[in-house]
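Chain and residue survey
Next come the chains, spelled out residue by residue.
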Amino acid sequence: MNPVTWITGANGFIGSHLVRACTENKKVIKFFRPEFFSSNTNKDVLSYPLEKTGINDAIANHGYPSRVYHLAGAPTVGQSFSCPHQDFNSNVITTEVLLNALSGSKAHIIFSSSAAVYGDGHSNGIRINDKLSPKSPYGHHKIISEKLIKLYTEHFDLSATILRLFSVYGNGLRKQLLYDCCSKLNIYSINTPLVLGGTGDELRDWLEVSDVVAAMKNLENLQSGDFQIYNLANGRPTRIEYIANKIISLWGKSHQLEFNKIKRPGDPFSLTANPSSLPPAFVPKITIDQGIEKYINWFKSLDE
């Protein structure tokens, strides 16, 4: 089988880390959503827009891939409320176009789904077979994409691994909790409290991006028709208040921490994975404390 690897969403947070990790010893074809496919990316002969023409051009020039990391899609729950049609196109339509082009190729698809498919009401670590009850268009669209992928593995000579990602963070992430905290601490005077949404008691399951990339790379290709699902997380719950206090402490300031008690639409109280639901033999290497320190060092280096 052709040893070429495809990565969609190659300019995204996880995608950019995965590209660097895979290009060390593989030929990697990178795909970008059309709105991000600029004249600069067009100069790279291994880069294509993620649309029908671009995909067909990649096949014509390099053959079918043996493995496809499908990471492209609209990035956030919040955006799916403000732009549900765009979210559907980015997550669902893009997935169908990709699958249709790869029909019959025997490629193995590794799809970055989301813990958002589970929704709220899970007080313990979530297992793969637990109820799916998404609270956002984003979560619903991820479920539709998963079902499309399963359909194509059953009928069109593909195989697939679905990875439901929980709270991924790391160097290069310019949104969400860690970035928000660091951005505020970077400009606040010492007397300004750090105010965050929610109560601080919310539980999340944090996984540093280097562990995500390692887990993805270590997955085995499957036989055509095979389909499997895993949670991709640390398997340990951490309170939001702990994360925020750790950031303040490692930043080197003593800001007061406050929570405004306002819950954002689509935000569950607890979203953590049961360790038994993770990929076989996967053991994260980066602890949350190590990961936060690493992230703060990266953020501070932006001003150097």
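Refer to the structure above for everything that follows.
Residues numbered from 1 in each chain as written. Predicted model: local features only at pLDDT ≥ 70, side-chain atom pairs only at ≥ 80, totals over all residues. Heavy atoms only, no water.

Some words on the packing of aromatic side chains
- A complete count under the given rule lists nine aromatic pairs for this structure.
- Here the aromatic rings of Tyr-295 and Trp-298 are separated by 5.2 Å at their centres, their planes lie at 50°, and the arrangement is tilted. Note that Tyr-295 and Trp-298 are positioned in helix 10 (residues 288-301) at a spacing of three residues, about one turn of the helix.
- The class of Tyr-295 is buried, set by a relative accessible area of 0%. (Phe/Tyr/Trp six-rings, centres within 6.5 Å; stacked < 30°, edge-to-face > 60°. Helix = DSSP H or I, 4+ residues; strand = E, 2+ residues; numbered from the N terminus. Buried < 20%, exposed > 50% of the residue type's maximum accessible area, 1.4 Å probe, protein only.)

Things to note about the sheet that holds strand 1 (residues 5-8)
- Overall, parallel pairing links the seven strands, which are arranged 3-2-1-4-5-6-11 in an open sheet. The open sheet has two free edges, formed respectively by strand 3 (47-49) and strand 11 (227-232), since each of these has just one partner strand. In this sheet, neighbouring strand axes are inclined to one another by 20° on average, regardless of whether the strands run parallel or antiparallel.
- In this sheet, strand 5 (residues 108-114) lies alongside strand 4 (residues 67-70) in parallel orientation, the contact comprising four bridges. Residue pairing in the sheet places Tyr-69 in a bridge with Ile-110 of strand 5.
- Strands in contact with helix 1 (residues 13-22) are strand 1, strand 2 (28-32), strand 4 and strand 6 (159-165); relative to strand 1, the strand with the most contacts, it is inclined by about 160°.
- Contacting strand 1, strand 2 and strand 3, helix 3 (residues 52-62) crosses the sheet at an angle of about 150° to strand 3. (Pairing = 2+ DSSP bridges. Axes fitted to C-alpha atoms, helices over the stretch in contact; angles between N-to-C directions. Contact = heavy atoms within 4.5 Å.)

Regarding the packing of helix 7 (residues 176-187) against helix 10
- For the pair helix 7 and helix 10, interaxial distance at closest approach is 11 Å and the crossing angle is 50°. Comparing their axes, helix 10 and helix 7 come out oblique. Our pair here, helix 7 against helix 10, has a crossing hand that is right-handed. Across from Leu-178, Tyr-179, Cys-182, Ser-183 and Asn-186 in helix 7, the residues of helix 10 making contact are Ile-292, Tyr-295, Ile-296 and Phe-299.
- Split by residue class, the contact of helix 7 with helix 10 holds seven nonpolar, two polar and no charged. (Parallel < 35°, antiparallel > 145°, perpendicular 65-115°, else oblique. Left-handed = near helix turned anticlockwise from the far one by under 90°. Nonpolar A, V, L, I, M, F, W, Y, C, P; charged D, E, K, R; others polar.)

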